[in-house]
Amino acid sequence: MPKNRWDAALYQDKHAFVWQSVGDLFNLLSPQPGERILDLGCGTGQLTQALAIAQAEVIGIDAAPTMIEQARQNYPDLKFAVADARDFQAEQPFDAVFSNAVLHWILEPDAVIRCIYDALKPEGRFVAEFGGKGNIRAIAASLYSVLSEIGCNSPEALSPWYFPSIGEYATLLEQQGFDVTYAVLFERPTPLEDGDAGMANWVRMFGSCFLDGLPADTQTQVIQAVEHQLKPTLYREGTWIADYRRLRVVAIKPGNREQGTENSRL
Ligand code: BEZ
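Residues numbered from 1 in each chain as written. Predicted model: local features only at pLDDT ≥ 70, side-chain atom pairs only at ≥ 80, totals over all residues. Heavy atoms only, no water.

Would you explain the site of the ligand in this entry?
The environment of the ligand is formed by H104, W105, N135, I136, W161, F163, W202, F206, Y244 and R246. The contact in question runs from an oxygen atom of the ligand to an N or O atom on the side chain of R246, over 2.4 Å. Protein chains bury 97% of the 260 Å² of accessible surface belonging to the ligand in isolation. Taken together, the residues of the shell around the ligand sort by class into seven nonpolar, two polar and one charged. (Near = heavy atom within 4 Å. Polar contact = N/O pair within 3.5 Å; in protein donor to acceptor, adjacent residues only side chain to side chain. Areas by Shrake-Rupley, 256 points an atom, 1.4 Å probe, with all protein chains shown as cover. Nonpolar A, V, L, I, M, F, W, Y, C, P; charged D, E, K, R; others polar.)

Below is the structure:
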């Protein structure tokens, strides 16, 4: 299911881990009172609210109208807008663009990076975390093998995910003109909520594009087969642990270079 048709209630109720454990990323952003900050892919608004608490002047955008509707209900005093990360324009430039757990859903990273660059002030910063190379390796491999077994050809081709390496993503940022000042790829095993139902919830929420069009009982069989394959490695003491691997980056838009400074000093 494309993100703009997401079930915001299910997302908010069962997937709070998406915006929890974001502390280090906030430290990297270091939001200052009065700064204009864009929360790109704000979902149901929890991190937009955290930025507002830091006294930033914050706007949250998301491509999914259901998410923005829920965000507005959650935080009626904050500004939210439906906008596509590949095609948006800032009315006023931002001091920082912040994004958590979103960019792996967008298969056109260069369009996103271009919009972010254009939305920033000179010396503005882009601080993001999302799935990096090797993210959900075991979950994806299991989905692909189960789907192949039931006759789906090349299930990988259905993948909606973009998990770049540091080299690949830093190159895109530099090609756009950013200075990349920080990039790290790290394992972040992530406990899923709801005990035994955690993996099934995850697959239904985030892997729905692989299930769409299959009869309901086949969907259940696929999920059960995935659970069976993954249980020895990703299930511990009543909790499913997703094999997340995050890419975290900080990139700075260069400041305006003063023109003619040398001559004017003559
Ligand atoms: C992630 O947060 O890494 C992720 C979430 C859903 C699908 C794929 C990756």
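What should I look at first to understand the sheet that holds strand β3 (residues 79-82) in this one?
The strands making up a sheet associate through backbone hydrogen bonding, with each pair oriented either parallel or antiparallel. The seven strands are arranged β3-β2-β1-β4-β5-β10-β6 in an open sheet whose pairing can be described as mixed. Where the open sheet ends on each side, the last strands, each with one partner, are β3 and β6 (179-187). On average, adjacent strands in this sheet sit at an angle of 15° to one another, irrespective of strand direction. By the bridge criterion, five bridges tie strand β1 (residues 36-40) to strand β2 (residues 57-62) in an arrangement that is parallel. Note on β2: the bridge partner recorded for I37 is V58. Across the sheet, helix α3 (residues 46-53) lies against β1, β2, β3 and β4 (94-100), angled at about 170° from β2, the strand it touches most. (Pairing = 2+ DSSP bridges. Helix = DSSP H or I, 4+ residues; strand = E, 2+ residues; numbered from the N terminus. Axes fitted to C-alpha atoms, helices over the stretch in contact; angles between N-to-C directions. Contact = heavy atoms within 4.5 Å.)

Quick question: what am I supposed to make of the confidence of the model for the chain here?
In regions of low pLDDT, the predicted coordinates are not meant to be interpreted in detail. For the chain, per-residue confidence averages 92 on the pLDDT scale, and 90% of positions sit at 70 or higher. Taken together, the stretch residues 259-266 has pLDDT below 50 and engages in zero contacts with residues farther than four places along the chain or on a different chain. (pLDDT = per-residue confidence, 0-100.)

I keep staring at the packing of aromatic side chains and nothing clicks. Help me out?
Within a pair of aromatic rings, the relevant descriptors are the distance that separates the centres and the angle that separates the planes. Inspection of the entire model under this criterion finds 13 aromatic pairs. Considering the side-chain rings of Y144 and F210, the 5.8 Å spacing of their centres and the 65° angle between planes classify their relative orientation as edge-to-face. Pair noted here: Y144 is in helix α6 (residues 137-149) and F210 is in helix α9 (residues 208-211), with a separation of 66 residues, a long-range link. Accessibility expressed as a relative area gives 16% for Y144, which makes it buried. By relative accessible area, F210 is classed as buried at 3%. The interplanar angle of 55° and the centroid separation of 6.4 Å between the aromatic rings of Y162 and Y169 together place this pair among those described as tilted. On the accessibility criterion, Y162 (10% relative accessible area) is buried. For Y169, a relative accessible area of 2% translates into the label buried. Chaining the aromatic ring pairs together yields one cluster made of W105, Y144, W161, F163, W202, F206 and F210. Its end group placed over the ring of Y235, K231 keeps NZ or CZ at 4.4 Å from the ring centre. (Phe/Tyr/Trp six-rings, centres within 6.5 Å; stacked < 30°, edge-to-face > 60°. Buried < 20%, exposed > 50% of the residue type's maximum accessible area, 1.4 Å probe, protein only. Lys NZ or Arg CZ within 6 Å of the ring centre and 35° of its normal.)

Honestly, the side chain of D95 in this entry has me stumped. Any pointers?
Following the sequence through the fold, D95 ends up in strand β4. Given a relative accessible area of 17%, D95 falls into the buried group. Engagement of the side chain of D95 in a polar contact is seen with the backbone nitrogen of R36, the distance being 2.8 Å. Looking at D95, its side chain comes within polar contact range of the side chain of K121, at 3.0 Å. For D95, the contacting residues outside a window of four places in its chain are E35, R36, L120, K121, G124 and R125.

Help me understand the packing of helix α8 (residues 198-206) against helix α10 (residues 216-234), please; the structure alone is not making it clear to me.
Packed helices, taken two at a time, are described by the angle their axes make and the gap between the axes. For the pair α8 and α10, the least separation of the axes is 10 Å and the interaxial angle reads 125°. Here α8 is positioned oblique relative to α10, judged by the angle of their axes. Crossing handedness for the pair α8 and α10: right-handed. Contact residues: α8 offers M199, A200, V203 and R204, while α10 offers Q219, T220, I223, E227, L230 and L234. Counted by class, the contact of α8 with α10 contains six nonpolar, two polar and two charged residues. (Parallel < 35°, antiparallel > 145°, perpendicular 65-115°, else oblique. Left-handed = near helix turned anticlockwise from the far one by under 90°.)

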